[in-house]
Amino acid sequence: MARTFIESLYEKHLRRQCRHVPNHIAIIQDGNRRYAKLFGLDTADGHRAGADKTEEMLDWAHELGIHHITLYTFSTENFSRHEEEVSHLFALFRLKFMSVVTDERVNRYRIRVQMVGDRSLLPDDLLEAINTAEDATKNHTGFHLNIALAYGGRNEIVLAAREILEEMEKTGADPCSIDVQTVEEHLHSGKGIPPVDLIIRTGNECRTSNFLPWLANGHESAVYFCAPYWPLFRKIDLLRAIRIYDQRVSAQSSP
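Note that the structure is predicted; figures quoted are calculated from it, not measured.

Definitions and cut-offs
Each chain carries its own residue numbering, running from 1 in the direction its sequence is written. Reporting in this predicted model follows two pLDDT cut-offs: at least 70 for local features of residues, and 80 or more for side-chain atom pairs to be given and counted; totals over whole chains, interfaces and linings ignore these cut-offs and use all residues. Calculation of side-chain values draws on the structure's entire complement of heavy atoms; hydrogens and water are dropped beforehand. Buried residues are those whose accessible area, probed at 1.4 Å on protein chains only, stays under 20% of the maximum for their type, while exposed residues exceed 50% and partly exposed ones sit between those limits. Strands here mean DSSP runs of E at least two residues long; helices mean DSSP runs of H or I at least four residues long; both are numbered from the N terminus. Note on method: axes are straight lines fitted to C-alpha atoms, helices fitted across the in-contact stretch only, with angles between N-to-C directions ranging 0 to 180 degrees. For this classification, under 35 degrees means roughly parallel, over 145 means roughly antiparallel, 65 to 115 means roughly perpendicular, and everything else is oblique. With the far helix as reference, a near helix turned anticlockwise by less than a right angle produces a left-handed crossing, and one turned clockwise produces a right-handed crossing. The contact criterion used is simple: two residues touch if any of their non-hydrogen atoms lie within 4.5 Å. Residue classes follow a fixed rule: Ala, Val, Leu, Ile, Met, Phe, Trp, Tyr, Cys and Pro count as nonpolar, while Asp, Glu, Lys and Arg count as charged, and any other residue, Gly among them, counts as polar. Two rings from Phe, Tyr or Trp (for Trp, the six-membered ring) form a pair when their centres are within 6.5 Å of each other. A pair whose planes differ by under 30 degrees is stacked, one over 60 is edge-to-face, and the rest are tilted. Here the term cavity refers to a set of points on a 1 Å grid, laid over the protein atoms alone, in which a 1.4 Å probe fits but cannot get out; the term pocket refers to an open set having protein on both sides within 12 Å along at least five of seven lines, with lining residues being those that place an atom within 4 Å of a point. Grid points are joined across faces, edges and corners, and a volume is the space filled by probe spheres set on the points.

K.L.:
Looking at this structure, I do not really get unusual backbone geometry. What am I missing?
P.N.:
The general pattern is negative phi for most residues beyond glycine and trans for most peptide bonds. Of note, Arg 110 is a non-glycine position whose phi angle comes to about 55 degrees, a positive value. For Arg 110, a relative accessible area of 39% gives the class partly exposed. For Leu 212, which is not glycine, the phi dihedral falls at a positive 50 degrees. One can find Leu 212 in the loop between strand 5 (198–201) and strand 6 (222–225). Look at Leu 212 and you get buried, because its relative accessible area is 2%.

K.L.:
Before we go on, may I ask you to explain the packing of helix 3 (residues 43–64) against helix 4 (residues 83–99) in this structure?
P.N.:
The relative placement of two packed helices is expressed as an angle between their axes plus a distance between the axes. Where helix 3 contacts helix 4, the two axes come as close as 10 Å, and the packing angle between them is 30 degrees. Considering their axes alone, helix 3 and helix 4 lie roughly parallel with respect to each other. Both helix 3 and helix 4 take part in a crossing whose hand is right-handed. Across the interface between the two elements, Thr 43, Ala 44, His 47, Arg 48, Ala 51, Asp 52 and Glu 55 of helix 3 pack against Glu 85, His 88, Leu 89, Leu 92 and Lys 96 of helix 4. For the contact of helix 3 with helix 4, the class distribution of residues is four nonpolar, three polar and five charged.

K.L.:
Whenever I open this one, the packing of aromatic side chains confuses me. Can you help?
P.N.:
Applying the stated criterion across every chain yields a total of 11 aromatic pairs. Here Tyr 72 and Phe 211 contribute two aromatic rings whose centre-to-centre distance is 4.3 Å and whose plane-to-plane angle is 15 degrees, an arrangement assigned as stacked. You can see Tyr 72 sitting in strand 2 (residues 68–75) and its partner Phe 211 sitting in the loop between strand 5 and strand 6, a full 139 residues away along the chain. No difference in accessibility class separates Tyr 72 from Phe 211, as the two residues are buried. Plain terms: the ring middles of Phe 74 and Phe 93 are 6.2 Å apart, the flat faces sit at 75 degrees to each other, and that makes the pair edge-to-face. Pair noted here: Phe 74 is in strand 2 and Phe 93 is in helix 4, with a separation of 19 residues, a long-range link. The exposure class of Phe 74 is buried, given its relative accessible area of 0%. Judged by relative accessible area, Phe 93 falls into the buried class, the value being 9%. Site record: aromatic cluster; members linked through ring pairs are Phe 74, Phe 79, Phe 90 and Phe 93.

K.L.:
Even after reading the chapter, I still don't get the side chain of Lys 235, so can you show me in this structure?
P.N.:
Note on placement: Lys 235 falls in helix 9 (residues 235–253). Judged by relative accessible area, which is 14%, Lys 235 ranks as buried. Filtering out sequence-adjacent residues up to four positions away, Lys 235 remains in contact with Glu 11, Trp 60 and Glu 63.

K.L.:
Any chance you could explain the layout of surface pockets here in plain terms?
P.N.:
Here the idea is plain: a probe the size of a water molecule rolls over the atoms and shows the empty space left. Here the largest pocket is characterised by a volume of approximately 1,000 Å³. Along the walls of the largest pocket sit 45 residues, with Gln 29, Tyr 72, Thr 73, Phe 74 and Phe 93 positioned nearest its centre. Elements that contribute at least two residues to the lining of the largest pocket include exactly helix 2 (32–38), helix 3, strand 2, helix 4, helix 5 (104–109), strand 4 (143–151) and helix 7 (153–171). The residue makeup of the lining of the largest pocket, split by class, is 16 nonpolar, 16 polar and 13 charged. For the second largest pocket, the calculated volume is near 260 Å³. Lining the second largest pocket are 19 residues, and of these Gly 117, Leu 159, Glu 163, His 188 and Ser 189 sit closest to its centre. For the lining of the second largest pocket, the secondary structure elements donating two or more residues are strand 3 (111–116), strand 4 and helix 7.

Dropping the structure here:
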């Protein structure tokens, strides 16, 4: 009880320090498996705990006025994991995407759900659930939740390049006409995801794993690494990350 009271006071202190709130936060949700091992749980239970934390995160984002969140949920490298774990993850993802249609939080906050990544690598039943969630929320404007599935930083640029080349072949456009705007229009199939202001990585890993290289590295986003595994991530950890962003913005605006 005393700890809860102290954390509440500390949270209020942090919120006073966060005068600038990032528009777009990208989160590398690391540590589900290590969380499960720490507490003697099955790996599947660790992933379910991580999914529950993601839902809690939506409440914090709405409360703090964050407009875009991109979650690094499953990378192209994750396909090398044990087949049983991958199958469980895909089943969990399918369940969560299907629940979007009736989720009270999604409707209350008017959350638009979108997937970014290589759809060609995903099974048909998962793609069907993703399409259902995207279609059900396509008119929502509260804030955007981007789920990075079958995602790779280099692969996203390769996919954009393919789209540009296919378009140029059809239109006969001059290759010299390709510019930054052209690339950005074809990233993530033209979903219009804005630049990343802040990257957060949990699980005590100090690397960004090439996450959203064009939108994050290309715009010099702030980065915050923290120790808690994703299922143990707290609102005060989020506020600490936002404080780093605030300090950077304040420093840049100083004369």
